[in-house]
Amino acid sequence: MKSIPKGKTHTPSGMMEYAQAVKQGPAVVLINGGSGPIEGWYKIFHKLAETATVVAYNRLGVGGSDKPSTPQHGETIVTALRQLLAELSIHPPYILVGHSLGGLYANLFARQFPHEIAGVVLLDSSHPQDLSINETQNPFIKRINRILGMFDSFSLGRKWSEVNFVEETVAQIEKAGSFPDIPLVVVSGGKKPPMMPEHVMEIRANNQLDFVRLSKQGKHMIARRSGHFPQLTEPEIVIRAVLDCIQMVRENLLRE
């Protein structure tokens, strides 16, 4: 595994751990899935860094970043990311790459600050309507999910964890403005996880298609050999998706 050199910097939200490679053009900002570390990008970070400015970071509570002391909902997370980018002198417009739960934050960022965002890539991203999936589960699974949520609330270290504020993040997305008409590449894992029921896979597949319709410049790519982590199982597809988005952004800039 090729390591990703990391640094730390102070922001108004706290100390944050990051990795960056600086070149010209819009910066590619990699937004981890829930509690995911910088290292999760190791198969694509260096390749993208050959042609673009790339920033990856650990949100509060992950890796070497400070532990959070306030609720980590979407608006708080977007604010902290903007502070980090300003501290690193990485200026907009940005291309956001959001995996899983990180896709919710990319979605919210693009709606709240559309003039700062040049393009978005969603990697098997969480969809606001994915919350309804729990309602399709049998009573036993629902009960287990509630119990796990209770344990999170009892732990001081996890009290402010982002996973406890997903519903609030989704509500913030719904209240934000429309998704901008910008290059959007949606990468969906085409392989059903072994424990996922067929009807849940169908719901998620439909939600992924809904993402594509957010922008007139939307494009869909399916990583057919991947489940939820295409950046690990089919990194070449994810690299192509990001490079395609960069190319579309550059073409848009030439037309302006």
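**A word on the sheet that holds strand 5 (residues 94–99)**
And then number 1: As summarised here, the arrangement of the eight strands in space is 1-2-4-3-5-6-7-8, forming an open sheet in which the pairing is mixed. With one partner strand each, in any of the chains shown, strand 1 (7–11) and strand 8 (218–223) form the two edges of the open sheet. Each strand axis lies, on average, 25 degrees off the axis of its neighbour in the sheet, ignoring direction.
And then number 2: As defined by bridge partners, strand 7 (residues 184–189) adjoins strand 8 across six bridges and the pair is classed as parallel. For Val-186, the partnering residue across the bridge sits in strand 8 and is His-220.
And then number 3: Of the strands in this sheet, strand 1, strand 2 (14–21), strand 3 (27–31), strand 4 (54–58) and strand 5 are in contact with helix 2 (residues 74–87), which crosses strand 1 at around 110 degrees.
And then number 4: Contacting strand 6 (117–123), strand 7 and strand 8, helix 6 (residues 198–212) crosses the sheet at an angle of about 170 degrees to strand 7.

**Remarks on the packing of aromatic side chains**
And then number 1: Across all of its chains, the model carries two aromatic pairs by this definition.
And then number 2: Both rings, one in Tyr-94 and one in Phe-109, keep their centres 6.3 Å apart while their planes meet at 70 degrees; by these two values the pair is edge-to-face. Remark: Phe-109 occurs in helix 3 (residues 101–112) and Tyr-94 occurs in strand 5; sequence separation between them is 15 residues. For the pair Tyr-94 and Phe-109, one class covers both residues: buried.
And then number 3: Taken together through their ring pairs, the aromatic side chains of Tyr-94, Phe-109 and Phe-113 make up a single cluster.

**Looking at the packing of helix 3 against helix 5 (residues 166–175)**
And then number 1: Packing of helix 3 against helix 5 leaves a shortest axis separation of 9 Å and a crossing angle of 30 degrees. On the basis of the axis angle, helix 3 is roughly parallel to helix 5. Where helix 3 crosses over helix 5, the handedness of that crossing is left-handed. Taking contact as the criterion, the partners of Leu-101, Leu-104, Tyr-105, Asn-107, Leu-108 and Arg-111 in helix 3 are, on helix 5, Val-166, Thr-169, Val-170, Gln-172 and Ile-173.
And then number 2: For the contact of helix 3 with helix 5, the residue count by class is seven nonpolar, three polar and one charged.

What counts, and where the lines are drawn
- Residues numbered from 1 in each chain as written.
- Predicted model: local features only at pLDDT ≥ 70, side-chain atom pairs only at ≥ 80, totals over all residues.
- Heavy atoms only, no water.
- Pairing = 2+ DSSP bridges.
- Helix = DSSP H or I, 4+ residues; strand = E, 2+ residues; numbered from the N terminus.
- Axes fitted to C-alpha atoms, helices over the stretch in contact; angles between N-to-C directions.
- Contact = heavy atoms within 4.5 Å.
- Phe/Tyr/Trp six-rings, centres within 6.5 Å; stacked < 30°, edge-to-face > 60°.
- Buried < 20%, exposed > 50% of the residue type's maximum accessible area, 1.4 Å probe, protein only.
- Parallel < 35°, antiparallel > 145°, perpendicular 65-115°, else oblique.
- Left-handed = near helix turned anticlockwise from the far one by under 90°.
- Nonpolar A, V, L, I, M, F, W, Y, C, P; charged D, E, K, R; others polar.

Any functional reading would require information that these geometric values do not contain.
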